[in-house]
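Report on the structure
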Amino acid sequence: MFRRFRFHLLATAVLTAIVVACTTPGSVGPKEEPPAAPEAVIEISPPSGTATVPVVITLDASSSTGQLATYLWTIGGAEHSAERTTSLEITEAGTYRVQLNVTDNHGQAAESAVDYVALAPDDDGEPEPDPDPDPDPDPDPDPDPDPDPDPDPDPDPDPDPDPDPDPDPDPDPGDPPVAVISLSPASGTQTAPATVTFNAGGSAGQISSYQWFVNGALVSTQASTTQVLTAAGNHAVRLVVTSEDDQQDDAEATYVVLPAEHQGEQHTLTPAEFGGFEVAIQPVGAWTASPGAPWLSVTPAAGSGGPATLQLSVNVAQLTNSADTFHTDLVITDTAGARTDQVTALLPRLAGLVPVERTGLPANSTSSVPITLENEGSTPLTVSLGLQGSGGVQVSLGASSGTLQPGASQTFQLNVTCLSSTATYSGTLTATTNDPRMETDSAAVTIGCVATSEPDGFQITLVFEPGAFTAEQQAMVRAAADRWEEVIAGDIPNASELHPSIQDICMQYISWSDVIPPELASLSGFDDLLVTVTLYEEAGSVLARAGPCGVVGRLPNHGNVMINTSQLAYMTTTNSLETVIIHELGHVLGIGTVWREAERALLAPDLQHCNDTSLNPQVARTFAGQFGTGEYQGLGGANQPPVQADCFHWSEDRFQSEVLTPYITINPSGNNHQPLSRLTIGALHDLGYQVDYTAADPYALPGPGYEHGAHEHGARTFAHSDPLIIRPELPGDD
């Protein structure tokens, strides 16, 4: 719009200038009649050619027809208003081109245009009347009363009848004017909308009038004027000057307005917003919106001006499964320039469900089967689990829904109750998520319970490295294994149920040589647990190392105990070897090892805190199993039993002399027994063993302020090493 124009709300127009509208048909459906085309009707008050400047005119589009959505008034090629009714103050006489563009709700458009003439103060469009009319029709208003006047009261003695003849009957007109255009600021330096001063002060000659044109439309009749060029691009500027003797000259220039550098915005869409995400824009003039990827749709994609709201939607079918974050540009272009928005679509991803299989559970028992779900995507994953199946085992879901942050996991539980007989359960676990690419996933569930009929109970088969141990030492180790056979009351699924590749890997792990020796190869049919006892050498005070070999979700069938040769004689002479091996075999059975399986969810707050002792060190690490916690509370403890920060042992500070704490003090006299408590037996029960609580040693929790009693002279305190854990995978597993 022109800077000199001011807007006012004025009365309804009294003169209507009606121009037949040009229309563009909208889209027509196969069974719909096309909507009536709109019609743009201009009403201006006061009428053209009736008012002198300065004058305020009213522009009214109320008589336009159709279901109109937008209006756009343009004066002399410059956008003026997007209102249905507006006003314009004209301060300079001249002819102004008034144009109205309208668009209806169906996208059909129409336009009309008229010329409006504003008069100068002394120009009303009619011949100027006689300022002093004489009512007397006599052409001689002052007749001479002297009938015989003296024709020459002062005769000129010069007989020449032409005392002052015109020396130049056809005078030469003055020099023609020269039009000179000066534009400030310079072309190509301003972005839209640009405010530019047009100055004709450098023009030469006796100039009586000036006319400035922009893109063919008259915009001013002043020697200097300021205009606002709203659109980016090249604008044709023309100056016409007229001299007092009606000679003319003109000059032309091109003024370049640069596109405006609009600041782009960031838009992040999650699945809940894929159906519609609103973006508000304030375009200058006609505009378009263009997405940069086929998965992004924009409605509407174009408009004629004024504020608008874009609806962004995501076509999920265009999103690949190879990524969870997608980026593209949204370019919004109007008459002033363009802006580039960045649009990001984020998706969750459920790590594929794996079949759930747990067999060999003892009859007349209850247990929990963990199911761990992980979100591998870029936005929170909501998941809801369902279970359907049948069989002679009672299986149900605990908590069945949750929200997982990107990169996080959550463990759900299947509650299993085995009845008195051998039975199986077969079902399907279904996960429903907010990932639109894969809203559901499923996996088979197989649970088996076995009625115990073998009278021999749990067996630990020991194989000693040939030539490494004396008969006395072997007897001490055998006594430790017998102690655990008293505690564990029932069989576990045998190693024969394992995949042959797993059996080979575990046999190699527990071997004392590079190849599986005959002493082990001949024991492929062993019952329950096979443990090798071997030697190794390590400087320092480490007594022994031990750990199981097995697959996640099963109790171990293979284990290895390695005794440090530098401490073996000392443990033998102090009668502490049996107690040390009870501790190490506890690790083979699963204390501090199998209980660390994330799927079992037996540690709190989680395994991540156990693996990183610097993570929230003020948060206590505890054992969360049902039976272990119950036995701890039965001893007088509160809440869950604490474990060491790395979760390999019971807490030394809380349990002191219990056999599965991390320290042992060896007295030279040989009195080195440490109790195997109901707490540890309860933890084995949580791991899935059938146990006999009556086999526990007497044990009481240390009271407040408890301190170890005085040790014998020469007593030494040793720290047990961290256990070893081997989890082989089948060939070809990721």
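As a starting point, this report considers the structure included with it. Position labels on residues start from 1 in each chain and follow its written sequence. Totals for whole chains, interfaces and linings use every residue, but because this is a predicted model, local features are given only for residues with pLDDT of at least 70 and side-chain atom pairs only at 80 or more, for both listing and counting. By convention in this description, side-chain values take in all heavy atoms of the structure and omit both hydrogens and water.

Observations regarding the overall build of the protein
- Numbering of helices and strands starts at the N terminus; helices are DSSP runs of H or I of at least 4 residues and strands are runs of E of at least 2. For the protein, the count of helices and strands is nine helices and 42 strands.
- Each residue is placed in one exposure class: buried if its accessible area under a 1.4 Å probe, protein chains only, is under 20% of its type's maximum, exposed if it is over 50%, and partly exposed if it falls in between. In the protein, buried positions account for 43% of the 734 residues.
- The contact rule is simple, with two residues in contact once any of their heavy atoms fall within 4.5 Å. Taking as baseline every contact in the protein between residues at least 6 positions apart, the subset at least 24 positions apart corresponds to 68%.
- To measure how exposed things are, a 1.4 Å probe is used in the Shrake-Rupley method; for residues, cover is taken only from the protein chains shown. When the accessible surface of the protein is split by element, carbon and sulfur atoms take 50% of a total near 35,900 Å².

Looking at the sheet that holds strand E24 (residues 308-314)
- The three strands lie next to each other as E20-E24-E22, forming an open sheet whose pairing is antiparallel. What marks the edges here is a single partner per strand, and that holds for strand E20 (277-281) and strand E22 (296-299). For this sheet, the mean inter-axis angle between neighbouring strands, taken without regard to orientation, is 30°.
- Pairing of E22 with E24, which is carried by four bridges, proceeds in the antiparallel orientation. Note that in E24 the partner of Ser297 across the bridge is Ser313. A pair of strands is labelled paired if DSSP reports no fewer than 2 bridges between them. Axis definition: a line fitted to C-alpha atoms, limited for helices to the stretch in contact. Angles are taken between N-to-C directions and run from 0 to 180 degrees.

Looking at the state of the cysteines
- Two cysteine sulfurs form what is called a disulfide whenever their separation falls within 2.5 Å. What the rule picks out here adds up to three disulfides.
- One disulfide bridge connects Cys506 with Cys549, the sulfur atoms lying 2.1 Å from each other. Note on the Cys506 and Cys549 pair: the S-S dihedral is about -80°, so by sign convention the disulfide is left-handed. One end of the pair, Cys506, is in helix H2 (residues 500-510); the other, Cys549, is in strand E37 (residues 544-549), with 43 residues separating them in the sequence. Like Cys506, the residue Cys549 is buried in the burial classification.
- Disulfide partner of Cys610: Cys647, at an S-S distance of 1.9 Å. When the S-S torsion is -70°, as for the bridge of Cys610 with Cys647, the disulfide is left-handed. Within this pair, whereas Cys610 is found in helix H6 (residues 607-611), its partner Cys647 is found in the loop between helix H7 (626-634) and helix H8 (652-655), the two being separated by 37 residues in sequence.
- With relative accessibility at 3%, the residue Cys610 sits in the buried group.
- Disulfides within the protein link the bonded cysteines, taken in sequence order, as 1-2, 3-4, 5-6.

Side note on the side chain of Ser677
- Position of Ser677 relative to the elements: it lies in the loop between strand E41 (663-666) and helix H9 (678-687).
- What qualifies as a polar contact is a pair of N or O atoms within 3.5 Å, subject to a donor-acceptor requirement within protein and to the restriction that residues adjacent in sequence count only when both atoms come from side chains. Here the side chain of Ser677 touches Glu658 through a polar contact of 2.8 Å, side chain to side chain.
- Every residue in contact with Ser677, bar those within four places of it in the chain, is listed here: Glu658, Ala696, Asp697 and Tyr699.

As for the packing of H7 against H9
- Closest axis-to-axis distance for the H7/H9 pair is 6 Å, and the angle between their directions is 160°. As judged from the angle between their axes, H7 and H9 are roughly antiparallel. Crossing handedness for the pair H7 and H9: right-handed. Counted together, Gln626, Phe627, Gly628, Glu631 and Tyr632 of H7 and Arg678, Leu679, Gly682, Ala683, His685 and Asp686 of H9 form the full contact between these two elements. These descriptions rest on fixed angle ranges, namely under 35 degrees for roughly parallel, over 145 for roughly antiparallel, 65 to 115 for roughly perpendicular, and the rest for oblique. Less than a right angle of anticlockwise turn of the near helix away from the far helix marks a crossing as left-handed, whereas a clockwise turn marks it as right-handed.

Remarks on the pairing of strand E19 (residues 266-269)
- Only one face of E19 is covered, namely the one carrying His267 and Leu269; the face carrying Gln266 and Thr268 has none of its residues buried.
- Inspection of the sheet shows E19 paired to strand E26 (residues 337-346) by four bridges, in the parallel sense. Following the sheet pairing, Thr268 is matched in E26 by Thr344.

Examining the packing of aromatic side chains
- Each Phe, Tyr or Trp ring (for Trp, its six-membered ring) is paired with any other whose centre lies within 6.5 Å, and the angle between the two planes then decides the class: stacked below 30 degrees, edge-to-face above 60, tilted in between. With the rule as written, the count across this model stands at ten aromatic pairs.
- Plain terms: the ring middles of Phe458 and Tyr689 are 6.1 Å apart, the flat faces sit at 90° to each other, and that makes the pair edge-to-face. Pair noted here: Phe458 is in the loop between strand E34 (440-450) and strand E35 (460-464) and Tyr689 is in the loop between H9 and strand E42 (716-719), with a separation of 231 residues, a long-range link. There is no split in this pair, since Phe458 and Tyr689 are both buried.
- Judged by centre distance (5.9 Å) and plane angle (45°), the rings of Tyr570 and Phe718 are tilted. Here Phe718 lies in strand E42 and Tyr570 lies in helix H4 (residues 565-573), a separation of 148 residues in the sequence.
- Residue classification places Tyr570 among the buried positions, given a relative accessible area of 18%.
- Residue Phe718 is classed as buried on the basis of its relative accessible area of 1%.

Details of the environment of Asp646
- If you trace the backbone, Asp646 turns up in the loop between H7 and H8.
- Put simply, Asp646 and Asn611 are 35 residues apart on the chain and 6.2 Å apart in space, counted from C-alpha to C-alpha.
- Leaving out residues up to four positions away in the same chain, Asp646 has contacts with Arg596, Cys610, Thr613 and Asp722.
- For Asp646, the side chain forms a polar contact with the main-chain nitrogen of Phe648, separated by 3.2 Å.

Concerning the sheet that holds E35
- Spatially, four strands are ordered E35-E36-E38-E37 in an open sheet, and the strand pairing comes out mixed. With partners counted over all chains shown, the strands left at the sheet margins are E35 and E37, one partner each. Strand-to-strand, the axes of this sheet are offset by a mean angle of 20°, without reference to chain direction.
- Looking at chain direction, E37 and strand E38 (residues 558-564) are connected through six bridges and run antiparallel. Directly across from Cys549, in E38, lies its bridge partner His558.
- H4 rests against strand E36 (529-536) and E38 of the sheet, and its axis sits at about 85° to E38.

Overview of the environment of Ser396
- Structurally, the position occupied by Ser396 is in strand E30 (residues 394-397).
- Ignoring anything within four residues of it in the chain, the contact list for Ser396 reads Leu387, Gln413, Leu414 and Asn415.

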